[in-house]
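# Structure assessment
Below, each chain spelled out in residue letters.
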Amino acid sequence: MDSSTKMKVVEEKEDDDQTEEFEHFDDFTLASSWERFISEIEAVCRQWLADGPKNLLHKGAVSFNSSKSLYAVKSELKYAAKSYSLEYYFEPHNNGNSEDWSCHMHDQQLSFGVKDFLVVTPQSASGVVLDAPEASKLLSAVAIALSNCSSLWPAFVPVHDPSRKAYIGIQNMGTVFTRRFEGDHISSQVPLKLMHLEGLYELFVSKFAYSTLDLSMHLFKVHFTMKSTYRTFPYGDDDEIPETDLDITNTQNGAGTRGRTQWDDDCPWSEWYTTEDPITGINLIAIWSERTVDSSLEMAEMENASPHDAGMWFIFPDFSESFTDGSVGNLIGFASQLRLLVNALDMSFEAQFMEDFVSAENSGSDNLKSSAIIPPPTVLDRVLKDIFHGVVAPSTDSTANEHKHSRTIKGAPLQSLFAQFCLHALWFGSCNIRAIAVLWIEFVREVRWCWEEIQQLPRMPTNGVIDLSTCLINQKLHMLAVCIHMKRQLHQDGERHDYFSAEEEEFNMMNEVSETVTNEEESLNSCSGDSKASLFSSKHEAEDTVNSNISSFSSHSRRGSADVSDMMLLNSNKRMHVPLTQDPPLMTEDMHEERIQAVEALGDSFSFSAQLEKDILSSDMSAFKAANPDAVFEDFIRWHSPKDWESEENDNLGKSLQDVKTRWPPRGRLSERMSDHGNSWRKIWNEAYPFPASEQKPLMDPSREAEKILHYFETLPPHQLLEQMVCTAFRASADTLNLSSFGNLKQMTTKIGQLYPTMASTLRPLQANRLSGKSETIEDIRRLCSVFEHIEKLLTVAASIHRKFLQAPRLEEAIFTDYFNFYLPNLGTGLVEDNLDQELIKKQQRVRMQERGVISNMFTQPTANQSWRKVLSMGNLLNGHEPVQREIVFALRDKVSGSYYAARSPNELQEEEIETYRMYISGTSNDLHVALSVASCD
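Let me begin by describing the structure that accompanies this report. Since the structure is predicted, the reported quantities are computational estimates derived from the model, not experimental observations.

### So, the overall build of the protein
A tally of regular secondary structure across the protein gives 29 helices and 20 strands. Relative to its full complement of 938 residues, the protein shows a buried share of 47%. Counting only contacts in the protein whose residues sit at least 6 apart along the sequence, the fraction spanning at least 24 positions is 72%. Accessible surface, the protein as shown: approximately 47,600 Å² in total, 50% of it carbon and sulfur.

### Comments concerning empty space enclosed by the protein
Counted according to the given criterion, the structure contains four cavities of 30 Å³ or more. Computed from the structure, the largest cavity encloses a volume of approximately 90 Å³. Considering the residues around the largest cavity, the lining is formed by Tyr273, Thr275, Phe323, Leu331, Ile332, Gly333, Ala335, Ser336, Glu789, Glu792, Lys793 and Thr796. When residues of the lining of the largest cavity are traced back to their parent elements, those giving at least two are α7 (334-347) and α25 (776-804). Take the lining of the largest cavity: its biggest share by element is four residues, from α25. For the lining of the largest cavity, the class distribution of residues is five nonpolar, four polar and three charged. Estimated volume of the second largest cavity: approximately 60 Å³.

### Some words on the environment of Phe204
You can see Phe204 is positioned in helix α5 (residues 197-205). Expressed as a C-alpha distance, the spacing of Phe204 and Ala891, which sit 687 residues apart in the sequence, is 8.6 Å. Excluding its chain neighbours within four sequence positions, the residues that come into contact with Phe204 are Val222, Phe890, Ala891, Leu892, Tyr917, Arg918 and Met919.

### Describing the environment of Glu42
Looking at where Glu42 falls in the secondary structure, it is placed in helix α2 (residues 33-58). Under the relative-accessibility criterion, Glu42 is labelled buried at 16%. Sequence separation between Glu42 and Cys149 is 107 residues; the distance between their C-alpha atoms is 6.6 Å. The residues touching Glu42, leaving out its near neighbours within four places in the chain, are Ala145, Asn148 and Cys149.

### So, the pattern of salt bridges
One pass over the full model with this rule turns up 33 salt bridges. Across the pair Asp644 and Arg673 runs a salt bridge, and its minimum N-O distance is 2.5 Å. Of this pair, Asp644 sits in the loop between α17 (633-640) and β15 (645-647) while Arg673 sits in helix α20 (residues 672-675); the two residues are 29 residues apart in sequence, bridging distant segments of the chain. In this structure Asp644 comes out as buried when scored by relative accessible area, which is 5%. By relative accessible area, which is 42% here, Arg673 ends up partly exposed. A salt bridge links Asp780 to Arg783; the shortest N-O distance between them is 2.2 Å. With a gap of three residues between them, Asp780 and Arg783 both fall in helix α25, about one helical turn apart. Here the residues in one salt-bridge network are Arg448, Glu452, Glu707 and Glu714, joined through shared partners.

### Some remarks on the nonpolar core
In terms of nonpolar packing, the biggest core is built from 156 residues, with Phe418, Trp440 and Leu457 touching the most fellow members. Once you skip the residues sitting within four places of it in the chain, Phe418 turns out to touch Ala412, Trp440, Cys471, Ile473, Leu477, Leu721, Gln724, Met725 and Thr728.

### Observations regarding unusual backbone geometry
The phi dihedral of Ala81 is positive, around 65 degrees, even though this residue is not glycine. Tracing the chain through its elements places Ala81 in the loop between β2 (71-79) and β3 (82-90). We classify Ala81 as exposed; its relative accessible area is 87%. Here Cys431, not a glycine, exhibits a phi torsion of approximately 55 degrees, which is positive. Positionally, Cys431 belongs in the loop between α10 (417-427) and α11 (433-452).

### Some thoughts on the side chain of Ser622
Among the secondary structure elements, Ser622 is positioned in helix α16 (residues 605-627). Given a relative accessible area of 8%, Ser622 falls into the buried group. Ser622 has contacts with Ala688, Tyr689, Pro690, Phe691 and Gln696, leaving out every residue within four places of it along the chain.

### Thoughts on the packing of aromatic side chains
Here the structure, examined in full by the defined rule, presents 39 aromatic pairs. Their ring planes at 25 degrees and their centres at 5.0 Å tell us that Phe112 and Phe156 sit as a pair that is stacked. Remark: Phe156 occurs in strand β5 (residues 155-159) and Phe112 occurs in helix α3 (residues 107-112); sequence separation between them is 44 residues. On the basis of relative accessible area, Phe112 is assigned to the buried category, the value being 4%. Look at Phe156 and you get buried, because its relative accessible area is 0%. Put simply, the rings of Phe388, Phe418, Phe421, Trp440, Phe443, Tyr712 and Phe713 pair up and form one aromatic cluster. Above the plane of the ring of Trp451 lies Lys487, whose end atom (NZ or CZ) is 4.1 Å from the centre. Between Arg638 and the ring centre of Trp645, over which it is positioned, the NZ or CZ distance is 5.9 Å.

### Re the pairing of β2
Two elements, strand β1 (residues 62-63) and β2, share two bridges in a ladder whose sense is antiparallel. Paired with Val62 across the two strands is Ala72, which belongs to β2. Both β2 and β3 contribute to a ladder of nine bridges, which runs antiparallel. Considered in β3, the bridge of Lys74 is made with Glu87. The turn linking β2 back onto β3 is made up of two residues, and Ala80 within it adopts a positive phi angle of 55 degrees.

About the cut-offs
- Position numbers for residues count from 1 along each chain, tracking the sequence in the order it is written.
- With pLDDT at 70 or above as the cut-off, local features in this predicted model cover only qualifying residues; side-chain atom pairs require 80 or more to be listed or tallied, and sums for whole chains, interfaces and linings still use all residues.
- Only hydrogens and water are set aside; all other atoms, that is, all heavy atoms of the structure, feed into the side-chain values.
- Counting from the N terminus, the helices are the DSSP runs of H or I reaching at least four residues and the strands are the DSSP runs of E reaching at least two.
- Burial status follows relative accessibility: with a 1.4 Å probe on protein chains alone, a residue under 20% of its type maximum counts as buried, one over 50% as exposed, and anything between as partly exposed.
- Contacts: residue pairs with any heavy atoms within 4.5 Å of one another.
- Here the open area of atoms and residues is found with the Shrake-Rupley method and a 1.4 Å probe, where only the protein chains shown may cover a residue.
- In this analysis a 1.4 Å probe is tested at points of a 1 Å grid over the protein atoms alone, and where it fits but cannot get out there is a cavity; an open set with protein on both sides within 12 Å along at least five of seven lines is a pocket; lining residues have an atom within 4 Å of a point.
- Grid points are joined across faces, edges and corners, and a volume is the space filled by probe spheres set on the points.
- The residue classification treats Ala, Val, Leu, Ile, Met, Phe, Trp, Tyr, Cys and Pro as nonpolar and Asp, Glu, Lys and Arg as charged. All others, Gly included, are polar.
- Only one rule defines a salt bridge in this text: a Lys or Arg side-chain nitrogen within 4 Å of an Asp or Glu carboxyl oxygen.
- As used here, the term nonpolar core means buried Ala, Val, Leu, Ile, Met, Phe, Trp, Tyr and Cys residues forming a set that is joined through side-chain atoms within 4.5 Å.
- In this scheme Phe, Tyr and Trp rings, the latter by its six-membered ring, pair at centre separations within 6.5 Å, and the angle between planes marks the pair as stacked below 30 degrees, edge-to-face above 60, and tilted otherwise.
- We call a charge positioned over a ring when the NZ of a Lys or the CZ of an Arg lies within 6 Å of the ring centre and within 35 degrees of the ring normal.
- DSSP bridges decide pairing: two strands pair if at least two such bridges lie between them.

Now the structure itself:
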């Protein structure tokens, strides 16, 4: 190192020494370390006073409660080799009454009636000053420092054992008066006298009256106010039910529940699971307005007063920890089972058929073997019985109570057969892929049995149009139900179908005769002489046969008429009859796709469509002929396709529509399309025979379509089944929760309305049938399960609040709003902090006078088993419930002259009232906390 560098280092060292010496100069006016300690406290307090509340907030003051009404700043100090923490608590808007019963008040504010204050605590494990001289010395140092600052802040020091929550304190009141504070706590062996208002009153009076004075005979103007907290017995408390009388019932998943009434027995989700009541109890706070008490006898009478005499009532519920926890997966409900179903979807790509999952040996997945739990056959039989025999009649309107956005999810309606299968699958065993495979195989066997035994499928309509907005399995179950219904009609009406067969044979014979006549005409043109004569003879015989048969059909009575129309037939002065026609054949989504593909393959969509509609048109013509034996082709066009019939306009002028319809003979002509030579409609009309719809061959072959459907079920790939199950399970679960009664809680209505579009967008990739294993879509669905659980929690709380506050809708809405505003910001953030949880518990709602009856009825008379633990040692009972906590404030106020104030002239004789004694008492029958503040001029 060169000399210049050494000189530079030496100079820097000298500068540091001079700076250190300057920063730690000895002030010989402070002779002792105690005085230096006072000086440090004074410097910190002066800085806080100079900053003021606004600047302290900008400098990082910490909020003490969620209401943002109290903040705190901290500074660390050292004295005699010990470290202390000086904390300053302040209210940014210091307008509150120190004696109100706000739930956001600090213990010091409530106990001693102060606003802004200081607390000096040692930085030790106990956090209290165990040595009495040390506590007095600390308090004196703070008092001197505050006096030097001209500050009126009270200061407190925690003393004794931490469990006692004891404090001593002092406050300079800006006059010759000084207020001293002392608080202590008794956690056991509370004297019986101090459990009653009379004894507490005498305790307070004893602090300022002579010990020899007869307190019962002396009158003091003591100011008194009281707050009593009542709590209902925990909901679900089964102490009333003897253990021997509890029936144990097994649920589908093997869990045992006691045979008692649950709070959610009539909730829509109770068919699948039961959950704990989110509200474990209701707390009522009754506050008596301040009054003046003259004697202990008056306090004894006050103890017999009813809580209904209190000036104000406030309530707040106790929420279960499971519902104040922002994390997911801690409750059993639809969301927890949907997660298991998504796991099964993830594993469904490992096999080609559902049968491959039945035996764990057929799958190479170790995860499958370890989690392959299949319930016993008894459980399987019970589930199938509930699916297929749990309803008396098939559901005809399964969408009556569904949410307006439910159809955006391509699943199955809530009460449909496949929806019930999916909901049962959620709770069947552990909802693993093997359990689902077993249930599906048995489900398909039961469906096939219904077809073979002509037993109607439950929960499925037997008519109507197939809803293509549902999943494909639901569409096919609908079609199969229609096929079974058609098969049953054919089976039950055998005689009619025997007649139909005879008629069909006769018509076939007529067709053969007609073909013979046609062939003979062709032969006649190519022959001459004797051969032509013989052909003429056979031709006339055939024509006579056909004409006689057609005449016999025409002479039949009208058949298959549904109603009489206003129109008249063209060739007879008779009204036209509207026929009963067959419904067009049902088509599922995949059948429509096949039809479109066929049209694209043929390239001529019109001719192909006409060919597909030929059977339907022929059926309608046959039914029309049966209902109108004298009808002609033009009559059918007027009824079936009115746009292809052109009426003569001159005949319609000046006549009403009714006159035009009933005019005979009707005048008009066929459209150009229908009058073309070789029109296909006329050809079909000529070939159609008069058969009513009931005697026609069905447009859809039920046996053929049913077998195709059953083959689809039996060969359905696992991932396609699971994709449809996931969509249906989400929709059915949401629809079930949507049936819950939660009143007019708009937040809940909004959240449910937002859930359906979220599910629809997340589940949309499952509808395209292009999902593959390890897809990002599966992770998206898992996140959807978390969203679903949060909504499920909110809905459960809403239902519980609505049931309890049904007669007080204002309180119902206010309490749920408090919970909603608390829970919503914590969705997905993990555990809720303890202080936030406490703030939710302390959130109070004021009860109006007309609402008190509703709240009072919640506090039912305790039974013998519920009250045996209670020692009724306190008064002010509410329907037999004693307060769980009683808080009392006694105060004695004296008038002092202006001469006592240091800032005033002794000549001023104005008097002012000052609170000389104040005692705060909080306790139950097991503990007692007392805080006393005394103002004196010594």
